Amino acid sequence: MPENTVIVVQVRMSSSRLPGKVMLPLLGKSLLFRMIGRLQMIRHKALVVVATSEDTSDDIIEQEANSLGVPCYRGNLNNLLDRHYQAAKKHKADLVLKIPSDCPLIDPRIIDEVLDHYFDHAGEFDYVSNLHPATFPDGNDVEIMTMACLEKTWREATKTLELEHTTPYIWENEEKFRIGNVVWESGKDYSMSHRFTIDYEADYLFIKRVYEELYPTNPNFSCDDILNLLDKQPEICQLNARYAGVNWYRNHMDELKTISPSQTKKPTDQIYS
């Protein structure tokens, strides 16, 4: 088992669709604060590191990380692969997790489940995720890679897509890496129908409502708790239902050979009801 597991959370204020989303308030704290709190609830031992840019707009991210007692690495604004690699290298990672900063509802149990799969198959994988194919509700994204895998990717990846999104070089080059995937044990696939991530104001309203309903009685609420809440109060699900299935893949379908059109939608494809 690797001696040092590092979770890298890539964060910046300059989101094109919802600027400053990571600092939006959730029950009196920032979205980033709440998300890091959930990452620290995992059963496995891991160091959480915030990786932001050197741009002055991200000074507030470093300040928030400092207030949380979480290490903060600052690097290239647009080359997130380099930022991810340098942050992991600085903290002497053996195993690296990529958890997007737009997943404040991520279930710590799902992170542990993917880590369990990696450790239960010791030495068998360079990269394990729950995204290829995805089955969990969007916003429970977990990607695990060995430091050797990350370093190889850092040295070899050249496309803008690969540098911006950190890991496509890995899962787009299956012949170069030993890749594993964890599917939802429920047997269901909610990856295109349920959206727990944040990219639009409607997503924020959804996440805010979920926190208001669940957090006060159980800060460590689960994915199942959210789904039960949505069954009881379906109007909450409707807050951002029009964006279900919308993800970054839609802008790169001409470049991604392992992603099918059924795995993404454009916002205009949605029914606004």
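For clarity, every value in this text was computed on a predicted model and none was experimentally measured.

When the charged atoms of two side chains lie near each other, side chains of opposite charge can form a pair. This model, assessed by the stated rule, comprises 16 salt bridges. The partner of aspartate 107 in a salt bridge is arginine 109, with the nearest N and O atoms 2.8 Å apart. Exposure remark for aspartate 107: the relative accessible area of 4% places this residue in the buried category. Note that arginine 209 and glutamate 213 form a salt bridge whose closest N and O atoms lie 3.2 Å from each other. Here arginine 209 pairs with glutamate 213, and both are found in helix α8 (residues 201–214), just 4 residues apart, close to one helical turn. The partly exposed category is assigned to glutamate 213, whose relative accessible area is 33%. Salt bridges linked by common partners bring Arg17, Lys21 and Asp199 together as one network.

What follows concerns the nonpolar core. In terms of nonpolar packing, the biggest core is built from 54 residues, with Leu39, Leu105, Ile111, Val142 and Val210 touching the most fellow members. Not counting chain neighbours up to four residues away, the residues in contact with valine 210 comprise Leu105, Tyr215, Phe221, Ile226, Leu229 and Ile236. Counting residues in each nonpolar core, the second largest holds 25 residues, with Val6, Tyr73, Leu81 and Ile259 among its members.

Structurally, threonine 167 can be placed in the loop between α6 (160–165) and α7 (168–171). The buried category is assigned to threonine 167, whose relative accessible area is 1%. Apart from the residues within four sequence positions on either side, threonine 167 is in contact with Lys98, Tyr127, Glu143 and Met145.

Before going further, it helps to spend a moment on the pairing of strand β5 (residues 72–75). Burial along β5 is two-sided: Cys72 and Arg74 facing one way and Tyr73 and Gly75 facing the other are all buried. Relative to β5, strand β4 (residues 47–53) runs parallel, the two being bridged by 4 bridges. The partner of alanine 51 across the bridge, within β5, is tyrosine 73. Considered for its hand, the β-α-β crossover made up of β4, helix α2 (residues 59–68) and β5 is right-handed.

Before going further, it helps to examine unusual backbone geometry. Residue proline 133 follows histidine 132 across a cis peptide bond; omega there is 5°. The residue proline 133 is located in the loop between β7 (127–129) and β8 (143–146) in this model. Phi is positive for lysine 92, close to 55°, though the residue is something other than glycine. Among the structural elements, lysine 92 can be located in the loop between α3 (80–90) and β6 (95–98). For threonine 166, which is not glycine, the phi dihedral falls at a positive 75°. The residue threonine 166 is located in the loop between α6 and α7 in this model.

It is worth spelling out the packing of helix α1 (residues 31–39) against α2 at this point. Contact pair α1 / α2: the axes reach a minimum separation of 10 Å and the direction vectors enclose 45°. By the angle between their directions, the pair α1 and α2 is classed as oblique. In this structure, α1 meets α2 at a crossing whose hand is right-handed. Contacts from Leu32, Phe33 and Ile36 of α1 reach α2 at Ile61, Glu64 and Leu68.

What counts and how
Residues numbered from 1 in each chain as written. Predicted model: local features only at pLDDT ≥ 70, side-chain atom pairs only at ≥ 80, totals over all residues. Heavy atoms only, no water. Salt bridge = Lys/Arg side-chain N within 4 Å of Asp/Glu carboxyl O. Buried < 20%, exposed > 50% of the residue type's maximum accessible area, 1.4 Å probe, protein only. Helix = DSSP H or I, 4+ residues; strand = E, 2+ residues; numbered from the N terminus. Core = buried A, V, L, I, M, F, W, Y, C linked by side-chain atoms within 4.5 Å. Contact = heavy atoms within 4.5 Å. Pairing = 2+ DSSP bridges. Right-handed = clockwise from strand over helix to strand, strands pointing away. Axes fitted to C-alpha atoms, helices over the stretch in contact; angles between N-to-C directions. Parallel < 35°, antiparallel > 145°, perpendicular 65-115°, else oblique. Left-handed = near helix turned anticlockwise from the far one by under 90°.

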